[in-house]
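Architecture and fold: a report
Each chain is listed here by its residues.
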Amino acid sequence: MSNVTQNSDPLIIAGKEYRSRLLVGTGKYKDIDETASAIAASGAEIVTVAVRRTNMGQNPGEPNILDVLTPDRYTILPNTAGCYDAETAIRTCRLARELLDGHNLVKLEVLGDEKTLFPDVIATLKAAEVLVKDGFDVMVYTNDDPIVARELEAIGCIVIMPLAAPIGSGLGIRNPLNIRTIVENAKVPVLVDAGVGTASDAAVAMELGCDGVLMNTAIAAAKHPVLMASAMRKAIEAGREAFLAGRMPAKRFASASSPIEGLFF
Amino acid sequence: MKIVLNGSSREIADGTLVSELVEALALGGQRFAVEINAELIPRSRFAEHRLNPDDKVEIIQAVGGG
């Protein structure tokens, strides 16, 4: 059992096995070197990227993120961040698929509001339906609502990714019981996506039974991103092992750890 | 003729092919994808797809993001 998380307990997404249950974003870092170092320290095998206009001729020597985080080493997960309607999210996914030579895995997020960055779940459901029919493997960002999560799974999304708290907020898991309900209902992997602030939040997500955690700001906005990436890797592993181990029941009063029998006084 | 390339107006020769535009922009060897008037143009069609006046061309790439 000692190496259960490393060897015999893979995370399976779209038929591919991953040893790491930590997925990381690549935004908000100081520069591309810090991005690469933090991601290496995190042990993540799946990294998200955004899709944006090419910066024509202004920085010709600047390396592209995919030159540093190459698709042969990492599973690239293009996201639809910044999309506020189903149409643009679908367009973004199609562009990403072309960009990555037919790679079908996408992270769908359709945002509803700039202040909260909460998902527009109605538009998310619509976009998911079109994308699944179009052959995409959809990992979907959603609210911590078990009913919406169930619908997204019924549509054919391959991973359900409820938020822990608003994107970039670092508030931790605000609604752990809903996350647990989503996990219990789901037959596909459930990842907490967004809202984690520090290592204990990641461990809690895993202890709730989540299959993994996707995070960006918690690492990138730490004072020492590379160190936080390493902390997150350990927290994910610890949380997973604790979940598999099955925690003791919490009790209100004490229970002595040493035997009563044989007391000599 | 005029097209709108990544949000900016640009003058190009009438009947320019997507492949010619890509070459003129020195994008060879980079990973990018092209959309014209909100429709994806697969790489395999760059050499046959001619641009029309007022086409809205988007050339996109991957960037860091969550």
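Predicted model only: the values in this text are computed from it and were never measured. (Residues numbered from 1 in each chain as written. Chains lettered and ligands numbered in written order. Predicted model: local features only at pLDDT ≥ 70, side-chain atom pairs only at ≥ 80, totals over all residues. Heavy atoms only, no water.)

The next point concerns the layout of surface pockets. Residues and elements named next belong to chain A. Put simply, the second largest pocket is a space of about 400 Å³. Secondary-structure elements contributing two or more residues to the lining of the second largest pocket are β4 (46-53), β10 (212-215) and α9 (217-220). Residues of the lining of the second largest pocket, tallied by class, amount to 10 nonpolar, 12 polar and five charged. (1 Å grid on protein atoms, 1.4 Å probe; cavity = no way out; pocket = protein on both sides within 12 Å on 5 of 7 lines; lining within 4 Å. Points joined across faces, edges and corners; volume = space filled by probe spheres on them. Helix = DSSP H or I, 4+ residues; strand = E, 2+ residues; numbered from the N terminus. Nonpolar A, V, L, I, M, F, W, Y, C, P; charged D, E, K, R; others polar.)

Looking now at the interface of chain A and chain B. Taken together, the contact pairs 27 residues of chain A with 24 residues of chain B. In total, about 2300 Å² of surface goes out of reach between chain A and chain B, with carbon and sulfur atoms giving 54% of it. The largest contributions to the chain A side of the interface with chain B come from R53(A), E98(A) and L99(A), which together make up 28% of the buried area. Across the contact surface, chain A and chain B share five salt bridges. Between R91(A) and E35(B) there is a salt bridge, with its nearest N and O atoms 2.6 Å apart. On inspection of chain A and its partner chain B, the count reaches 17 residue pairs in polar contact (both at pLDDT 80 or more). Contributions of two or more residues to the side of chain A that touches chain B are made by β4, α3 (65-68) and α4 (86-99) of chain A. Here the residues of the side of chain A that touches chain B sort into 10 nonpolar, nine polar and eight charged. (Contact = heavy atoms within 4.5 Å. Buried area = accessible area lost by both parts, 1.4 Å probe. Salt bridge = Lys/Arg side-chain N within 4 Å of Asp/Glu carboxyl O. Polar contact = N/O pair within 3.5 Å; in protein donor to acceptor, adjacent residues only side chain to side chain.)

With that out of the way, let us pick up the nonpolar core. L108(A), I160(A), M215(A), I219(A) and M232(A) are the most contacted members of the largest nonpolar core, which totals 70 residues. When sequence neighbours within four positions are dropped, the list of residues in contact with M215(A) reads L22(A), L23(A), V24(A), G25(A), V196(A), A202(A) and M232(A). (Core = buried A, V, L, I, M, F, W, Y, C linked by side-chain atoms within 4.5 Å. Buried < 20%, exposed > 50% of the residue type's maximum accessible area, 1.4 Å probe, protein only.)

With that out of the way, let us pick up the pairing of strand β2 (residues 8-11) of chain B. All names here are of chain B. Sheet analysis places strand β1 (residues 2-5) next to β2, joined by four bridges and oriented antiparallel. Residue pairing across strands places K2 opposite E11, the latter belonging to β2. Linkage of β1 to β2, two consecutive antiparallel strands, is achieved through a turn of two residues, within which N6 is found at a positive phi near 45°. (Pairing = 2+ DSSP bridges.)

The next subject is the packing of α4(A) against helix α5 (residues 121-133) of chain A. Residues and elements named next belong to chain A. Packing of α4 against α5 brings their axes to within 9 Å, and their N-to-C directions diverge by 35°. Classified by chirality, the crossing of α5 by α4 is right-handed. The residues of α5 that touch α4, namely those facing A86, I90, C93 and R94, are A123, K126, A127, V130 and L131. Considered class by class, the residues forming the contact of α4 with α5 number seven nonpolar, no polar and two charged. (Axes fitted to C-alpha atoms, helices over the stretch in contact; angles between N-to-C directions. Left-handed = near helix turned anticlockwise from the far one by under 90°.)

Below, the discussion takes up the packing of aromatic side chains. Each aromatic ring pair is summarised here by two numbers: the centre-to-centre distance and the angle between the ring planes. A full pass over the atoms with the stated rule returns two aromatic pairs over all chains. With a centroid separation of 5.1 Å and an interplanar angle of 80°, the aromatic rings of F264(A) and F265(A) are classed as edge-to-face. For the pair F32(B) and F46(B), a centre-to-centre distance of 6.2 Å together with 15° between the ring planes defines the contact as stacked. Of this pair, F32(B) sits in the loop between α1 (18-24) and β3 (33-36) while F46(B) is found in the loop between β4 (39-41) and β5 (56-64), placing the two residues 14 residues apart along the sequence. Given a relative accessible area of 8%, F46(B) falls into the buried group. (Phe/Tyr/Trp six-rings, centres within 6.5 Å; stacked < 30°, edge-to-face > 60°.)

In this structure the tally under the stated criterion is 12 salt bridges over all chains. E58(B) serves as the salt-bridge partner of R53(A), at 2.7 Å between the closest nitrogen and oxygen. Separated into two different chains, R53(A) in strand β4 and E58(B) in strand β5 make up a pair that spans both. The class of E58(B) is buried, set by a relative accessible area of 17%. Here R31(B) and D101(A) are joined by a salt bridge, their closest N and O atoms 3.3 Å apart.

In short, the description is geometric, and any link to function would need to be established separately.
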